[in-house]
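Analysis of the macromolecular model
Now for the letters of each chain:
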Amino acid sequence: MWFGLNRKTWIVVGLLVAGWVIFLSQPTAVATRLRMLFVQLATPFVRLGDYIPSVKSRRALDQQNRQLRADNQALRQQLNNLVEAGRENLRLQRLLDLKQNHPLRTVTARVIGRDAGNWWQSLQLDRGRHAGLRENLAVLNADGLIGKTVTVSAGESRILLLTDPNCKVSAIVQETREPGVVAGLTDTRLVMTFVHRQAKIPIGAKVISSGLGGVFPKGVLIGTVTKAEINAGTGMYQDLEIQPAVDFRRLEEVLVVLE
Amino acid sequence: MIPILSILILFTVAALQVRLPAVLGFRLELLPALVAYAALTFPRAGALGFAVLAGFLHDALTAGPFGVTAMVYGPAAWFIHRLGGALDREIPPLQIVTGMFVALVGGIAGCLFAGFNLGHLYKLLMVTGASAVITPVTFFVLDFGRYQLRTLR
């Protein structure tokens, strides 16, 4: 007897937990369906966040109407909105330019949520299967490569960011054409591994996607090299530390590459 | 009424968690405090169901494997519920310890799949530490809400 349970019950509990681990940690159809169900149930709540600023504005306007300086406040609010609309216009214009410059079929999506945990680097988008999205599609913006889609449901999807160690991209150094594999190092840094140990990589060199692997299109900027050193573990190749071209904390709209 | 309200609160808090920006290099996790609250407040089946639901919701809103957090939140809630019978849930240190416990086991489960490194260790400590603050506040707010609801009835 331990904690009020006999040995047999503990064995049953242990088997159930082990079964759960094996069953749910695998990408089975049931686990995927369950995940989609929960995502679909949670998304309306996540999207509610979009309305919070407007609710605040209305409340603020009601208060302002009761005050003597109501007109002044309303005009300031309008000015802020115009500035925000102007900035959004610029961002969308850049995305549009990128769309026109790249011969890629893309879908524009808005970021509606971040990762609920601290152990993975991902974002939730407001577009899903209905917009033509599926798993393993490249995601980018005007600044560079962002990541790839990992789970897609009817109306929303989740993308794994480049800063996550599980998101690996085949890349080349633009100037020297030296190949390697880019993956996440920290929340704000990337590392390019398997670079030839004899290769001379200048600090500040640009790293772009190589197009190998079939997920990420060729030639999309990933970042710039900030440090190059021989891999401490094996000494067989170089590791390049990379400053990402994209500011992952401030993503609002992205392009998902369909083809 | 209470189960529906609890689920609505759970979904709202989960949505808030994915909306919050990272602070000091880590993201605040609000669900562990809710799980601790449910474990010390609801009957056993309710607490267990709530914890598993919270875990599934957490997993659905991350890029990690589905079911991992649910797997640890459930037993954690059951464990706290059993202890709770012998302890006074009104004591803030107990609330703090239970919130930290849920955050810690949830974090360790996440790290088991995402990998242990210094960055994750820092986040694990920060998330657990933050739960020490979030949990008593959650207890205060939800107990106040429950009291108000009872008064309305």
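See the structure above.
Attention in this report is confined to the structure presented alongside it. Note that the coordinates shown come from a computational prediction; the quantities given were computed from them, not determined experimentally.

Definitions and cut-offs
Residues numbered from 1 in each chain as written. Chains lettered and ligands numbered in written order. Predicted model: local features only at pLDDT ≥ 70, side-chain atom pairs only at ≥ 80, totals over all residues. Heavy atoms only, no water. Helix = DSSP H or I, 4+ residues; strand = E, 2+ residues; numbered from the N terminus. Buried < 20%, exposed > 50% of the residue type's maximum accessible area, 1.4 Å probe, protein only. Contact = heavy atoms within 4.5 Å. Areas by Shrake-Rupley, 256 points an atom, 1.4 Å probe, with all protein chains shown as cover. Salt bridge = Lys/Arg side-chain N within 4 Å of Asp/Glu carboxyl O. Patch = residues over 30% accessible without salt bridge, like charges linked within 9 Å, V, L, I, M, F, W, Y side chains within 5 Å. Expected span 1.5 Å × (residues − 1). Pairing = 2+ DSSP bridges. Axes fitted to C-alpha atoms, helices over the stretch in contact; angles between N-to-C directions. Buried area = accessible area lost by both parts, 1.4 Å probe. Polar contact = N/O pair within 3.5 Å; in protein donor to acceptor, adjacent residues only side chain to side chain. Nonpolar A, V, L, I, M, F, W, Y, C, P; charged D, E, K, R; others polar.

1. Notes on the overall build of chain A
Check the secondary structure of chain A and you find four helices and twelve strands. Counting across all 259 residues of chain A, residues that qualify as buried make up 39%. In chain A, 56% of the contacts between residues at least 6 apart in sequence involve partners at least 24 apart. When the accessible surface of chain A is summed, it comes to about 14,600 Å², and 56% of that surface belongs to carbon and sulfur atoms.

2. Considering the pattern of salt bridges
The full count for this structure, using the stated rule, is ten salt bridges over all chains. A salt bridge links Glu241 of chain A to Arg189 of chain A, with the shortest nitrogen-to-oxygen separation between them at 3.5 Å. In this pair, Glu241 of chain A is assigned in strand 11 (residues 237-244) and Arg189 of chain A in the loop between strand 7 (179-184) and strand 8 (190-196), connecting sequence segments 52 residues apart. Its relative accessible area of 21% is what places Glu241 of chain A among the partly exposed residues. Through salt bridges with shared partners, one network takes in Arg89, Glu90, Asp143 and Arg146 of chain B.

3. Observations concerning the environment of Lys218 of chain A
All names here are of chain A. Among the secondary structure elements, Lys218 is positioned in the loop between strand 9 (206-209) and strand 10 (221-230). Separated by 48 residues in the primary sequence, Lys218 and Ser170 place their C-alpha atoms 9.5 Å from one another. Discounting residues that sit within four places of it in the chain, Lys218 has contacts with Arg177, Ser209, Ser210 and Gly211.

4. Digging into a nonpolar patch on the surface
A contiguous nonpolar surface patch, about 460 Å² in accessible area, is contributed by Leu104, Ile108, Leu112, Phe113 and Phe116 of chain B. Mapped onto the fold, Ile108 of chain B is located in helix 5 (residues 92-114).

5. Quick look at the side chain of Thr193 of chain A
Here Thr193 of chain A is to be found in strand 8. Setting aside residues no more than four positions away along its own chain, Thr193 of chain A makes contact with Gly180, Val181, Tyr237, Gln238 and Asp239 of chain A.

6. Observations concerning helix 5 of chain B
Taking 1.5 Å of rise per residue, 23 residues should cover 33 Å, and helix 5 of chain B covers 32 Å from first to last C-alpha, within 8% of that figure. At the exit of helix 5 of chain B stands Gly115 of chain B, carrying a positive phi of roughly 105 degrees.

7. A short note on the sheet that holds strand 4 (residues 145-152) of chain A
Where strands meet in a sheet, backbone hydrogen bonds hold them as pairs that are either parallel or antiparallel. All names here are of chain A. A barrel is described by the order of its strands in space; here six strands give the closed sequence 1-2-5-4-3-12, paired in antiparallel fashion. Sheet twist, expressed as the mean angle between neighbouring strand axes with direction ignored, is 45 degrees. Sheet topology places strand 3 (residues 138-140) next to strand 12 (residues 253-257); two bridges connect them, and they run antiparallel. Residue pairing across strands places Leu140 opposite Leu255, the latter belonging to strand 12.

8. A closer look at the interface of chain B and chain A
If you look at the interface, chain B gives 43 residues, while chain A gives 36 residues. Each partner contributes to the roughly 3,600 Å² buried at the junction of chain B and chain A, and carbon and sulfur atoms together form 67% of this total. Counting the contacts that link chain B with chain A gives one salt bridge. Asp187 of chain A is the partner of Lys123 of chain B in a salt bridge, and the nearest nitrogen-oxygen pair spans 3.0 Å. In this assembly, chain B and chain A are joined by 16 residue pairs in polar contact (both at pLDDT 80 or more). Of all the elements in the fold, those that place two or more residues in the side of chain B that touches chain A are helix 1 (2-19), helix 3 (44-60), helix 4 (68-84), helix 5 and helix 6 (118-152) of chain B. Considering only residue class, the side of chain B that touches chain A consists of 26 nonpolar, eleven polar and six charged.

None of this, on its own, says anything about what the molecule does.
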